[in-house]
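So the chains spell out like this:
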Amino acid sequence: MTVLVTGGAGYIGSHMVLELIRKDYDVVIIDSLEKGHEESIKKSKLYVGNLRDGKLLDKVFTENKIDGVIHFAAYSLVGESVKNPSIYYENNIESTRVLLDAMIRHDCFKIVFSSSAAVYGSPTTDLIGEDELTNPTNTYGETKLVMEKMMKRYEIAYGLKYVALRYFNAAGADLSGEIGEVHNPESHLIPLVLDVALGKREKINIFGGDYETKDGTCIRDYIHVTDLCSAHLLALQYLNNHRESNVFNLGNGVGYSVLEVVDMVERVTNIPIEREIVEKRDGDPPVLVASSQKAKEILGWCPKYNELEKIIETAWSFKKNYPNGYKEK
C-alpha cells in the first residue's frame, strides 16, 4: 500500500513516515520544507513544493498509485494565527481544498486528517469527548474545523471517506533519539524548557499564572508522538476495512499544568529550570484534556508511552543528540 504523507518532513509527519516504513508501507511525501526538515526523512520519495500547487499534486498522483493520504501539512502557531489570520486561511484551508480536489481527480478516496483539540475552544467540561461543542477561540482552531467540514462536504458530494483525529499536545521523540521536535521558531513547551536545561535559554516564560486551575497555569494533555502515529495507522486501516468517516479524540486523559511540566523536566534532566510568569497569550483556553475512549473502543488504540516522565525522557534524548537541530549535532 502506498501512502501520501503531506507535511512529512515536519515534526509529527516525520515520525509518521518512520512508523509507516517500519510497517512496510511505501511512502510518498509532499513538503514545502518551509518548516520541515529533509534530514528527518528516512527512505521515502520526497516532492518539494506547496500543496496549493495543483500541477504538483497531479504529478505526484500520476507518478505514484496513491492508496490513501495522511494530511499533516498546515501552519499551527496559535498566537501567530490570532495576529495574522489571513495566512492561516490561505495556507491551511486553500491547500486542503486543492489536495481534496486532486484526490478526487485521481480516484483516491481515503484520507486521515491531523485535526486538533483547538476546534473545541474553551470546553464546558474537564474531560472532552467528541460530542463537545466546537467553538474555536483562535484562527488556527477555526481553520482545522473548517477543514473537517470541508471533508464532510466532499464525502457528500464525491464519496470521500475521512478520519479526523483531534489531538491534544503532541510531545516526545522517537525512542531511537534520531528524530524529534525541531521548530524554528520553537513554540512548544517541552522543547523550550529543555533548551533552558541545555543552556540555550536563560529561563522559560510561562504565559499566565492566574487561570482557574490548580496552580494558576494552563493544563494540557500531552501525548507521545509515536502514540499519535500508531493512531493514524489504525485510522487508515479502519478506512480500509469499514469505509466509514469518523472523528476521534487522541489524548491520555490526564492533564498536566505548565508548572508540573517544568518540574518534571527538572527531575528528568537533574538541572534547575528558571521560570517567569508573563502575560497570557490570546486564545489560550485554561484546560484541554481529552477523552479518548471512542478511539480505544473503535480503533483499538492503546497508547504505550503515556507517562509524562517517559515523554520528556525521549524528548531529552533527542535534544542531547541534536542540541542545535538536525543540521548541527
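Residues numbered from 1 in each chain as written. Predicted model: local features only at pLDDT ≥ 70, side-chain atom pairs only at ≥ 80, totals over all residues. Heavy atoms only, no water.

Where do I start with the layout of surface pockets in this structure?
Sizing a probe to match a water molecule and rolling it over the atoms shows the empty space that remains. Approximately 230 Å³ is the volume attributed to the second largest pocket. Along the walls of the second largest pocket sit Glu19, Lys23, Thr226, Asp227, Ser230, Leu233, Leu234, Gln237, Trp301, Cys302, Lys304 and Tyr305, which together make up its complete lining. Looking at the lining of the second largest pocket, its residues break down into 5 nonpolar, 3 polar and 4 charged. (1 Å grid on protein atoms, 1.4 Å probe; cavity = no way out; pocket = protein on both sides within 12 Å on 5 of 7 lines; lining within 4 Å. Points joined across faces, edges and corners; volume = space filled by probe spheres on them. Nonpolar A, V, L, I, M, F, W, Y, C, P; charged D, E, K, R; others polar.)

Looking at this model, I keep getting lost on the sheet that holds strand S9 (residues 219-220). Mind explaining?
Note: strands within a sheet are paired through backbone hydrogen bonds, in either parallel or antiparallel orientation. One open sheet holds the 3 strands; their spatial order is S12-S9-S14, and the pairing between them is mixed. Taken across any chain shown, the strands that pair with only one partner, and hence form the sheet edges, are strand S12 (256-257) and strand S14 (287-288). Examined bridge by bridge, S9 and S12 share 2 bridges and lie antiparallel to one another. By the bridge assignment for S12, isoleucine 219 is matched with serine 257. (Pairing = 2+ DSSP bridges. Helix = DSSP H or I, 4+ residues; strand = E, 2+ residues; numbered from the N terminus.)

Whenever I open this one, the packing of aromatic side chains confuses me. Can you help?
Remark: the centre distance and the inter-plane angle together describe each pair of aromatic rings, the angle taken between the planes. Considering all chains together, one arrives at 4 aromatic pairs under this definition. When the ring of tyrosine 238 is compared with that of phenylalanine 248, the centres are 6.0 Å apart and the planes differ by 90°; the resulting orientation is edge-to-face. Taken together, the positions of tyrosine 238 in helix H7 (residues 225-242) and phenylalanine 248 in strand S11 (residues 246-250) put the pair 10 residues apart, joining distant regions of the chain. By relative accessible area, phenylalanine 248 is classed as buried at 0%. Ring centres 5.2 Å apart and planes at 25° place the aromatic pair phenylalanine 318 and tyrosine 322 in the stacked group. Across the pair, exposure class does not vary: phenylalanine 318 and tyrosine 322 are buried alike. Over the face of the ring belonging to tyrosine 211 we find lysine 280, whose NZ or CZ atom lies 4.4 Å from the ring centre. (Phe/Tyr/Trp six-rings, centres within 6.5 Å; stacked < 30°, edge-to-face > 60°. Buried < 20%, exposed > 50% of the residue type's maximum accessible area, 1.4 Å probe, protein only. Lys NZ or Arg CZ within 6 Å of the ring centre and 35° of its normal.)

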